[in-house]
Amino acid sequence: MKINNILLPNKPQLDAIASLYLLGQYGKDKFSGINAAKIIFWTKSADPSNEEIASFQAGGALPIEVGGGILDHHNRENGEHETATSLTASYLGIESNPE
């Protein structure tokens, strides 16, 4: 998947920052362009609508901790005790890496 932008919440927590780090270190194969992607922020208080998320993704944006996507622990489908960092590590297949 080609990534042009990374969509973060307006006030990202350390969890989202750690997820960004993992993506930069290990995500190049699954997310081409991740290291050159521009970071953009969702500034509204309410989550983006499904249509807004679809529009962001169609434009090459990867949402982290916003919009209920694959890297959002607020999405209960991702598991009740997950974090953005654990979801990212799992998605990248690095959850067992010693570092």
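Right above here is the structure, for reference.
Note that this is a predicted model, so its numbers are computed, not measured.

**Q** Requested: an account of the overall build of the protein chain, with residues and values cited.
**A** Of the regular secondary structure elements, the protein chain holds three helices and three strands. Secondary structure of the protein chain in N-to-C order comes out as β-α-β-α-β-α. The globule rule puts the C-alpha radius of gyration for 99 residues at 13 Å, and the 13 Å found for the protein chain is close to it. For the protein chain, the C-alpha atoms occupy an extent of roughly 35 × 30 × 20 Å along the three principal directions. Burial statistics for the protein chain: of 99 residues in total, 40% are counted as buried. Here the analysis covers contacts within the protein chain between residues at least 6 apart in sequence; of these, 63% occur between residues at least 24 apart.

**Q** Give me the layout of surface pockets: which residues, what numbers.
**A** Taken as a whole, the largest pocket encloses approximately 260 Å³ of empty space. Considering the residues around the largest pocket, the lining is formed by 18 residues, among which Pro9, Asn10, Asp47, Glu65 and His74 are closest to the centre. Residue composition of the lining of the largest pocket, grouped by class: six nonpolar, six polar and six charged.

**Q** A description of the sheet that holds strand β2 (residues 38-42) should follow, citing residues and the corresponding values.
**A** Across the sheet, which stays open at both edges, the three strands sit in the order β2-β1-β3 with parallel pairing between neighbours. Looking at the sheet topology across the chains shown, the edges are occupied by β2 and β3 (61-63). For this sheet, the mean angle separating the axes of adjacent strands, direction not counted, is 30°. One ladder, built from three bridges, connects strand β1 (residues 5-9) with β3; its direction is parallel. Counterpart to isoleucine 6 in the pairing with β3 is leucine 62. On the sheet, helix α2 (residues 50-58) packs against β1, β2 and β3 and is oriented at approximately 135° with respect to β3.

**Q** How would you explain the nonpolar core if you had to name every residue and give the values?
**A** Core analysis: the biggest nonpolar cluster contains 18 residues, and Ile3, Ile6, Leu23, Phe31, Ile34, Leu62 and Ile64 have the highest contact counts within it. Mapped by element, the contributors of at least two residues to this core are β1, α1 (14-26) and α3 (84-92). Beyond its immediate stretch of four places on either side in the chain, leucine 23 contacts Lys28, Phe31, Ile34, Leu62, Ile64, Leu71, Thr88 and Leu92.

Definitions and limits used
- Residues numbered from 1 in each chain as written.
- Predicted model: local features only at pLDDT ≥ 70, side-chain atom pairs only at ≥ 80, totals over all residues.
- Heavy atoms only, no water.
- Helix = DSSP H or I, 4+ residues; strand = E, 2+ residues; numbered from the N terminus.
- Rg over C-alpha atoms; globule rule 2.2 N^0.38 Å.
- Buried < 20%, exposed > 50% of the residue type's maximum accessible area, 1.4 Å probe, protein only.
- Contact = heavy atoms within 4.5 Å.
- 1 Å grid on protein atoms, 1.4 Å probe; cavity = no way out; pocket = protein on both sides within 12 Å on 5 of 7 lines; lining within 4 Å.
- Points joined across faces, edges and corners; volume = space filled by probe spheres on them.
- Nonpolar A, V, L, I, M, F, W, Y, C, P; charged D, E, K, R; others polar.
- Pairing = 2+ DSSP bridges.
- Axes fitted to C-alpha atoms, helices over the stretch in contact; angles between N-to-C directions.
- Core = buried A, V, L, I, M, F, W, Y, C linked by side-chain atoms within 4.5 Å.

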